[in-house]
Amino acid sequence: MRVPAQTAERRTLQPHEVNLAQPSFWQLPQAARLEAFAALRRLERPAYFMERPASWRRPERGFYALVKHADVVRASRLPKVFASAPAVTTPEPARWVRCLFGESMVNLDDPHHAQLRRVVSRAFTPRLLAAAEEDICRVAGRIVDDMIAQRPGEFVSSVASRMPFEVICNLMGIPEHYRPEIAGQINHASENVGVKRTLGARLRMPGRGLRALARMHLMMATLGRERRRQPTGDLISALVCADVHGQKLNARQLGAFFSLLMVAGVETTRNAIAHALTLLTSNPEQRALLTSDFDRYADGAVEEVVRHSTPIIQFRRTVTAEYSLGGRTFRPGDKVVLYYASANRDEAVFTDPDAFDITRTPNPHLGYGGGGPHFCLGAHLARLEIKGLFRELLSRPQALRAVGIPELAGSNFDNRVRALRFTFDPPVA
């Protein structure tokens, strides 16, 4: 049954009123969705949601929702039982798509995941990370300078999107003439992930998204060949040239990694930045505390922004062996969904979980995953980007604030901000 949007904020929901499998659920106000997750956390065991009924042609399809912090952590750290393959997103990519474009690292299990992650991790050398940190400061300063000079009215396109995109392009060594097209392909590849669409859009979007993915892969193949012939010290060079252990990425692996880094790394950090401005605007006392001593409170503020906004709402797992968790016994072939957005509001772990508190400690949020082998590889870089940008934003005399509420995509996958209006306050005399 659908949760009535007009009454969701005025009464306590019952679990039978919640259906996470319905696209309409993700169109509800945030308060209604949070109350729905709270209702599911009160259940003795994970609830089941049917996505497609059985027919003579195909079996029923559905999933169990893991909504408690402890359950999400436990499943995340048991990859041999709760597997990422064949895919962590819905719908699962067709086999021919995976063969053509390569397997994304998030969809792999060990030993293939460990081998690929090891190559990527070794490429992030201390020298490369130190250069990236310096670059973050430069990029943040330039973006804020442009914002003040141009006075745009929309925050996502003019500020939040630029920060992670420019940092990652610089880190990878993407030439300037490639970047406008890459930015467009990212939007095409990710704009409708997890979003309810009309029939016409459903028919158009797979081809559009695959074309965008193909173009990004072709660009990476070209750059990979250039860097093999003449390394330039950037991340692409490190990934395609054999390390001391003789390991490197081939063209398909480089394309798959780049797609993951650009879509996941850019989108998630962009959304966290946009939510951060909203949270600091609606919680002026927290903003005042942060600006009073930025170096003291910045790290805690970043963690609280990620917990409160949870840029990635959920990932899916496939059960490979019988296992009991949270009062339910799962069997091979069962699908479970790890709802980080719910785990990050679990009353059993977080005091006053709906409050935005930059001094919250401890803060064991799952905004970068629940631990285990799939903990977010870009977590450190994302933290530096958010911190670096807000250091610049909050240190200027032209204070800015969000206007109204963010325009959200209504996605069941990520807490995506399509647009956020903002304005400047007069300088304090």
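Residues numbered from 1 in each chain as written. Predicted model: local features only at pLDDT ≥ 70, side-chain atom pairs only at ≥ 80, totals over all residues. Heavy atoms only, no water.

1. Re the overall build of the protein chain
Counting its regular elements, the protein chain contains 15 helices and 11 strands. For 429 residues, the compact-globule estimate of 2.2 N^0.38 gives 22 Å, and the protein chain sits close to it at 22 Å. With respect to the principal axes defined by its C-alpha atoms, the protein chain has extents near 60 × 55 × 45 Å. Considering the protein chain as a whole, with its 429 residues, one finds that 52% of them fall into the buried category. In the protein chain, the share of contacts with a sequence separation of at least 24, taken over all contacts with a separation of at least 6, comes to 69%. Here the protein chain displays about 20,000 Å² of accessible surface, and carbon together with sulfur accounts for 54% of that area. Computed over 58 positive and 43 negative side-chain charges, the inter-centroid distance for the protein chain is 7 Å. (Helix = DSSP H or I, 4+ residues; strand = E, 2+ residues; numbered from the N terminus. Rg over C-alpha atoms; globule rule 2.2 N^0.38 Å. Buried < 20%, exposed > 50% of the residue type's maximum accessible area, 1.4 Å probe, protein only. Contact = heavy atoms within 4.5 Å. Areas by Shrake-Rupley, 256 points an atom, 1.4 Å probe, with all protein chains shown as cover. Lys, Arg positive; Asp, Glu negative; His and termini not counted. Charge placed at Lys NZ, Arg CZ, Asp CG, Glu CD.)

2. Points about helix α5 (residues 126-150)
Taking 1.5 Å of rise per residue, the 25 residues of α5 would be expected to cover 36 Å, and the 36 Å separating its terminal C-alpha atoms lies within 8% of that figure. With its phi angle positive at about 50 degrees, Arg 151 sits one or two positions after the end of α5. (Expected span 1.5 Å × (residues − 1).)

3. Looking at the pattern of salt bridges
Applying the stated criterion across every chain, the model contains 22 salt bridges. Residues Arg 396 and Asp 145 are paired through a salt bridge, measuring 2.8 Å at the closest nitrogen-oxygen approach. One end of the pair, Arg 396, is in the loop between α15 (379-395) and β8 (400-402); the other, Asp 145, is in helix α5, with 251 residues separating them in the sequence. Taking the shortest distance from any N to any O, the salt bridge between Asp 354 and Arg 345 comes out at 2.8 Å. Taking the relative accessible area as the measure of exposure, Asp 354 reaches 47% and is therefore partly exposed. Here Arg 345 falls in the buried class, since its relative accessible area comes to 4%. When salt bridges that share partners are traced, they join Arg 142, Asp 146, Arg 162 and Glu 166 into one network. (Salt bridge = Lys/Arg side-chain N within 4 Å of Asp/Glu carboxyl O.)

4. Some thoughts on the pairing of strand β7 (residues 335-339)
Extensive coverage of β7 is indicated by the burial of 5 of its 5 residues. Taking every second residue as pointing to the same face, both faces of β7 are buried, with Lys 335, Val 337 and Tyr 339 on one and Val 336 and Leu 338 on the other. Two strands pair when backbone bridges link them, and strand β2 (residues 61-66) and β7 are joined in this way by 3 bridges, in the parallel orientation. Of the residues in β7, the one forming a bridge with Leu 66 is Leu 338. Pairing of strand β4 (residues 314-319) with β7, which is carried by 5 bridges, proceeds in the antiparallel orientation. By the bridge assignment, Arg 317 is partnered in β7 with Val 336. (Pairing = 2+ DSSP bridges.)

5. Remarks on the side chain of His 217
In this fold, His 217 is placed in helix α9 (residues 199-229). On the basis of relative accessible area, His 217 is assigned to the buried category, the value being 10%. Those residues in contact with His 217 that sit more than four places away from it in its chain are Phe 101, Arg 252, Gly 255, Ala 256 and Ser 259.

6. Re the environment of Val 302
Position of Val 302 among the secondary structure elements: in helix α13 (residues 294-309). The spatial distance from the C-alpha of Val 302 to the C-alpha of Phe 390 is 9.5 Å, given a sequence separation of 88 residues. Those residues in contact with Val 302, other than ones at most four positions away along the chain, are Arg 383, Ile 386 and Lys 387.

7. Some details on the environment of Glu 92
Structurally, the position occupied by Glu 92 is in the loop between β3 (82-83) and α3 (95-101). Take Glu 92: its relative accessible area is 36%, and that puts it in the partly exposed class. A sequence separation of 333 residues divides Glu 92 from Asp 425, and the C-alpha atoms of the two residues are 46 Å apart. Those residues in contact with Glu 92 that sit more than four places away from it in its chain are Pro 86, Ala 87 and Lys 335.

8. Considering the environment of Leu 128
Tracing the chain through its elements places Leu 128 in helix α5. With relative accessibility at 6%, the residue Leu 128 sits in the buried group. Separated by 106 residues in the primary sequence, Leu 128 and Asp 234 place their C-alpha atoms 7.4 Å from one another. Dropping the residues within four chain positions of it, Leu 128 is found in contact with Ala 123, Leu 171, Gly 233, Asp 234 and Leu 235.

9. Some details on the state of the cysteines
A full pass over the atoms with the stated rule returns 0 disulfides. No disulfide involves Cys 137; its sulfur sits 18 Å from that of Cys 169, the nearest cysteine. (Disulfide = S-S within 2.5 Å.)

10. Comments concerning the confidence of the model for the protein chain
Counting all residues, the mean pLDDT for the protein chain is 89, and 90% of those residues have values of 70 or more. Scored below 50 in pLDDT, residues 1-10 makes 17 contacts in the model with residues more than four places away or belonging to other chains. Across residues 197-205 the pLDDT falls below 50, and counting only partners more than four positions away or on other chains, this stretch makes 7 contacts in the model. (pLDDT = per-residue confidence, 0-100.)

11. Concerning the sheet that holds strand β1 (residues 48-52)
Reading across the sheet, the 5 strands line up as β1-β2-β7-β4-β3 and stay open at both edges, with mixed pairing between neighbours. Edge positions in the open sheet fall to β1 and β3, since each of these has one partner strand only. Inspection of the sheet shows β1 paired to β2 by 4 bridges, in the antiparallel sense. Bridge assignment links Met 50 to a residue of β2, and that residue is Gly 62. In the packing of helix α2 (residues 69-76) onto the sheet, the strands contacted are β2, β3 and β7, and the crossing angle to β7 comes to about 120 degrees. (Axes fitted to C-alpha atoms, helices over the stretch in contact; angles between N-to-C directions.)

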